[in-house]
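# Observations on chain architecture
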Amino acid sequence: MSRMVFCRKYQQELEGLDMPPYPGAKGLDLFNNISKKAWQEWMAHQTLLINEKRLNVMDMGTKVYLTEQMEKFLSGEKVDEAEGYVPPEKN
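Model, not experiment: these values are computed from the prediction. (Residues numbered from 1 in each chain as written. Predicted model: local features only at pLDDT ≥ 70, side-chain atom pairs only at ≥ 80, totals over all residues. Heavy atoms only, no water.)

Another point: the packing of helix 2 (residues 36–52) against helix 3 (residues 60–74). To characterise two packed helices, one gives the angle between the axes of the helices and the distance between these axes. Following both chains from N to C, one finds helix 2 and helix 3 inclined at 140 degrees, their axes separated by 10 Å at the closest point. Between helix 2 and helix 3 the crossing geometry is right-handed. Where helix 2 abuts helix 3, its residues Ala38, Trp39, Glu41, Trp42, His45, Gln46, Leu49 and Ile50 lie against Tyr65, Leu66, Gln69, Met70, Phe73 and Leu74. Per-class residue counts for the contact of helix 2 with helix 3 are 10 nonpolar, 3 polar and 1 charged. (Axes fitted to C-alpha atoms, helices over the stretch in contact; angles between N-to-C directions. Helix = DSSP H or I, 4+ residues; strand = E, 2+ residues; numbered from the N terminus. Left-handed = near helix turned anticlockwise from the far one by under 90°. Contact = heavy atoms within 4.5 Å. Nonpolar A, V, L, I, M, F, W, Y, C, P; charged D, E, K, R; others polar.)

Overall, the coordinates contain 4 salt bridges when judged by the stated rule. Linking Asp29 and Arg8 is a salt bridge whose minimum nitrogen-to-oxygen distance equals 2.8 Å. Here Arg8 lies in the loop between strand 1 (4–7) and strand 2 (12–15) and Asp29 lies in helix 1 (residues 24–33), a separation of 21 residues in the sequence. Classification of Asp29 as partly exposed rests on a relative accessible area of 26%. The salt bridge partner of Lys36 is Glu15, with a shortest N-O separation of 3.1 Å. You can see Lys36 sitting in helix 2 and its partner Glu15 sitting in strand 2, a full 21 residues away along the chain. For Glu15, a relative accessible area of 33% corresponds to the partly exposed category. Salt bridges sharing common partners tie together Glu15, Asp18 and Lys36. (Salt bridge = Lys/Arg side-chain N within 4 Å of Asp/Glu carboxyl O. Buried < 20%, exposed > 50% of the residue type's maximum accessible area, 1.4 Å probe, protein only.)

Within the secondary structure layout, Asn32 lies in helix 1. On a C-alpha basis, the gap between Asn32 and Gly16 in space is 7.5 Å, while along the polypeptide they are 16 residues apart. Filtering out sequence-adjacent residues up to four positions away, Asn32 remains in contact with Arg3 and Val5.

These results come straight from atomic positions and should not be treated as a statement about function.
Written as structure tokens, this is what we have:
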């Protein structure tokens with residue numbers, strides 16, 4: 001049986017992460033309060049931001065920016081979008 005958590009983003013009981021995605025208190029908070037669904041959606045959005053904004057993930061400013069965006073996204077707040085990005089058409 002899957003581990004269930006009350007997801008901060010979706011405000012409902014959903015399947016939880018298999019392990020903390022970060023070390024320390026931040027990872028434990030995410031593990032206990034974020035669903036697998038919300039985390040997967042964040043990872044896709046983060047990848048989109050990195051690629052479309054051409055962010056350098058080795059830059060400390062980028063890390064701070066992505067952490068801020070992650071916290072907003074997982075709390076259900078408005079987050080930055082990739083300007084000019086047009087998703088591929090679904091057939």
